[in-house]
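Structural overview
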Amino acid sequence: METERSPTGPAQARTKPRPPPPPFYLPLNIALYLCLIANGLAAVFSPIQDCDEVFNFWEPAHYLDHGYGLQTWEYSPVYSIRSWLYVSLHAVVGKLASSMVHTKAAEFYTIRFFLAVFCAACQTRLYSAICRSLNPRIGLIFLMITVFSPGVFHASTAFLPSSFTMYTSMLGLAAFLEFKGGPRTAQGIMWFGLGAIVGWPFAGALIVPLLAEEVIICLISGSLGSLLLKILDGAVRCLSILALEVAVDYAFFNKVALVPWNIVAYNIFGGEDKGPEIFGTEPWTFYIRNLLLNFNVWFVLAMMSAPLLLLQTVCRSTGTSFQALFRSITLVAPFYMWFAIFTVQPHKEERFMYPAYPFLALNAALAFHTILSYLGSSNPKEIIGRVPAKLKLAAVMSVILLAFNAGMLRILGMVTAYSAPLKIFEPLEQVNVAETGTSVCFGKEWYRFPSSYFLPHGMRAKFIRSEFRGLLPAEFPDALSYYARLDGASQIPTGMNDLNIEDPSKYIDISQCSFLVDSYFPGHAATELEPHYVLDETQWEPLSCQSFLDTSQTGLLGRLIWIPNLPVIPERFQRKWGQYCLLQRRTKSV
């Protein structure tokens, strides 16, 4: 006998609308592994892009670890605009590494790996907060941007305060995104405060839109009192950090110094013919071009995020609440604010954008998510709903592949073009090549010196005259004990100034050089102060040479991305090369 069908049986189940599938969520351990791999590769292969990283941070860390190193005017107690607390945190890692590795270069890479791991932890923490508080798809796009972008590749392991503030920006933003158990305002203030105090004080501006949102919400809800308590809690934590920094800097400068204020005073209130502008200025388009190189499609989407949010609100007003719109505007505002502030500054450098990289990635992720939501519509009343799904998928994948390939070609191009300074010193570690007390000299290539970590114990970096007419670093006083290093750091070095005026005492005669680092590019003319030492075979013999991109002879495309050296590539697109060499003085025959 046939049984009666239940009204909820298979026939009706087939016609019942199915709920949409849950958004794809990449597990946190997988996200962490991806970040570790990307940052680990950066730790090994990323060239040093800024001589400030070497002379203002690697060299002081080397001084703390080994008792000697180069010193810039910023570390003179007269100016004291660099924090010894920030350097000391890295020097501790290097000192611990010295008990496990046998070369100073290995210490260098250990510090870089430490930065890679810390950055990966911060990326994963923010990814988790975005997935839980916003949308897993937004989190996945954010992760994709930070893992494969050239900008984050370089910033993730750079020994720079701007990289440190990038880490703390991630942690601070994650704290403001998390609402489980109540807003974590105090924690967010602490992270942004840590970045501003120990790292770079200007990065504290990034918290303004996030904090303003909470103030407005509390004013509307009448809970301003509880917010003030959280702000007070965060302020107390920041004051504790500041007290620690002042104490550490007092030990080194032998005076009370508020380094964050000194940095602000120098950059904003330096006075006539002083301040960062004396080191060069750039046109207002500098950051547009730079961010297009470092983030390509994602930078364009980041700039489109606010217009897309407003357009979505206007076109689909029933689907977007005022609270959601207000929250979205708050999240996209920090990057716009940061970009505007630094675009109007005459002195521009790539590293100034590092603290805002997490916000750029979030803006781009929000914009791409908005576009994907629109493309995902199947409503036949809308034009996009009548477009075949395969065509929409092809368009989306084209954007992703374009961003991925452009990023990888840029990273590969930078690594292959400019890594020579990290490689040429390896022969000095061989037995009977370098002797204690010998000097490695730098002329026109002084700004590419990768730090004393690449020189064997007892070997010093020295400078010879070149066409450069600015102020070169001096040397910290030699110090065997840690107490002597504190005393050496508190001494006022001679010949220092904050006007970039040349000091002739920084040079030695080339006759005192046992080794010399120099580059040779066939298209460059020699001068009296910058002869082609590589070609002077009577005085010098190459100990180690690596290819280095000749930017003056290479076309624009070859300077921007990696191009394979194949015969099928037209001549005008091929990359042209010079030689970057470590030279050894020839011994005179008897």
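Residues numbered from 1 in each chain as written. Predicted model: local features only at pLDDT ≥ 70, side-chain atom pairs only at ≥ 80, totals over all residues. Heavy atoms only, no water.

**Things to note about the overall build of the protein chain**
Along its length, the protein chain carries 19 helices and seven strands. Against the globule reference of 25 Å for 590 residues, the protein chain gives a C-alpha radius of gyration of 27 Å, in line with a compact fold. Seen through its C-alpha atoms, the protein chain measures out along the principal axes to roughly 115 × 65 × 55 Å. Buried positions account for 50% of the 590 residues belonging to the protein chain. The long-range fraction of contacts in the protein chain, counting pairs at least 24 apart against all pairs at least 6 apart in sequence, stands at 77%. In the form shown here, the protein chain has an accessible surface area of approximately 27700 Å², with 65% of it arising from carbon and sulfur atoms. If the 43 positive side-chain charges of the protein chain are averaged to one point and the 42 negative ones to another, these points end up 13 Å apart. (Helix = DSSP H or I, 4+ residues; strand = E, 2+ residues; numbered from the N terminus. Rg over C-alpha atoms; globule rule 2.2 N^0.38 Å. Buried < 20%, exposed > 50% of the residue type's maximum accessible area, 1.4 Å probe, protein only. Contact = heavy atoms within 4.5 Å. Areas by Shrake-Rupley, 256 points an atom, 1.4 Å probe, with all protein chains shown as cover. Lys, Arg positive; Asp, Glu negative; His and termini not counted. Charge placed at Lys NZ, Arg CZ, Asp CG, Glu CD.)

**What to know about the environment of I329**
With respect to the helices, strands and loops of the structure, I329 is situated in helix α15 (residues 322–343). Between the C-alpha atom of I329 and that of S305, which follows or precedes it by 24 residues, the distance is 9.1 Å.

**Some points on unusual backbone geometry**
What you tend to see is this: most non-glycine residues have negative phi, and most peptide bonds are trans. Phi at S80 takes a positive value of approximately 40 degrees, unusual for a residue other than glycine. Looking at the secondary structure, you find S80 in the loop between β1 (70–71) and α4 (84–98). Although it is not a glycine, S451 adopts a positive phi angle of roughly 110 degrees. You can see S451 is positioned in the loop between β2 (439–442) and β3 (460–463).

**Digging into the pairing of strand β5 (residues 515–520)**
Counting buried positions along β5 yields five of six residues, so the element is predominantly enclosed. Two strands pair when backbone bridges link them, and β2 and β5 are joined in this way by three bridges, in the parallel orientation. Residue F442 lies in a different strand from β5, and its bridge partner there is V517. Judged from the six bridges that link them, β5 and strand β7 (residues 577–585) form a sheet pairing that is antiparallel. When the sheet's bridge partners are listed, S519 is paired in β7 with Y580. (Pairing = 2+ DSSP bridges.)

**Overview of the nonpolar core**
Ranked by internal contacts, the top residues of the largest apolar core, which has 138 residues, are W84, F425 and V440. Considering every element that reaches this core, the biggest residue donor is helix α5 (residues 104–133), with 12 residues. With sequence-adjacent residues up to four places away left out, W84 is seen in contact with P60, Y63, L64, Y75, V248, D249, F252, F253, F476 and A489. (Core = buried A, V, L, I, M, F, W, Y, C linked by side-chain atoms within 4.5 Å.)

**Structural notes on the sheet that holds β7**
Strand order in this open sheet of five strands is β3-β2-β5-β7-β6, and the pairing throughout is mixed. Taken across any chain shown, the strands that pair with only one partner, and hence form the sheet edges, are β3 and β6 (540–549). Pairwise comparison of adjacent strand axes, ignoring direction, gives a mean angle of 25 degrees for this sheet. One ladder, built from four bridges, connects β2 with β3; its direction is parallel. Within β3, the position partnered with S439 by the bridge is R460. (Axes fitted to C-alpha atoms, helices over the stretch in contact; angles between N-to-C directions.)

**Section: helix α3 (residues 51–66)**
The axis of α3 is deflected most strongly, by about 30 degrees, at W58, and proline P60 appears within four residues downstream. Of all the 16 residues making up α3, 15 are buried; the element is thus mostly covered by neighbouring parts of the structure. N-capping of α3 is provided by D50, with a side-chain oxygen placed 2.8 Å from the backbone N of D52. After α3 finishes, the residue G67 shows a positive phi value of roughly 85 degrees. (Bend = angle between axes of the 7 residues up to and from the residue. Polar contact = N/O pair within 3.5 Å; in protein donor to acceptor, adjacent residues only side chain to side chain.)

**Digging into the UniProt feature "transmembrane region" (unreviewed entry) in the protein chain**
As annotated in UniProt, the feature "transmembrane region" (unreviewed entry) corresponds to residues 24–48, 109–127, 134–153, 189–208, 291–312, 324–344, 356–375 and 395–418 in the numbering used here. As annotated, residues 24–48 comprises 72% helix and 0% strand, and the C-alpha atoms at either end are separated by 37 Å. Annotated as 95% helix and 0% strand, the span residues 291–312 places its first and last C-alpha atoms 26 Å apart. (UniProt positions renumbered as here; feature names shortened; annotations may be inferred.)

**Remarks on empty space enclosed by the protein**
All chains considered together, the criterion is met by three cavities of 30 Å³ or more. In this structure, the largest cavity encloses a volume near 70 Å³. As for the largest cavity, its lining consists of 13 residues, of which S83, P161, V198, G199 and I263 are closest to the centre. Mapped by element, the contributors of at least two residues to the lining of the largest cavity are α9 (185–199) and α12 (259–268). Sort the elements by how many residues they give to the lining of the largest cavity and α9 lands first, with three residues. Here the lining of the largest cavity is built from residues that sort into nine nonpolar, two polar and two charged. Within this model, the second largest cavity holds a volume of roughly 60 Å³. Every residue lining the second largest cavity is listed: Y68, G69, L70, S452, R460, A461, E475 and F476. Taken together, the residues of the lining of the second largest cavity break down into four nonpolar, two polar and two charged. (1 Å grid on protein atoms, 1.4 Å probe; cavity = no way out; pocket = protein on both sides within 12 Å on 5 of 7 lines; lining within 4 Å. Points joined across faces, edges and corners; volume = space filled by probe spheres on them. Nonpolar A, V, L, I, M, F, W, Y, C, P; charged D, E, K, R; others polar.)

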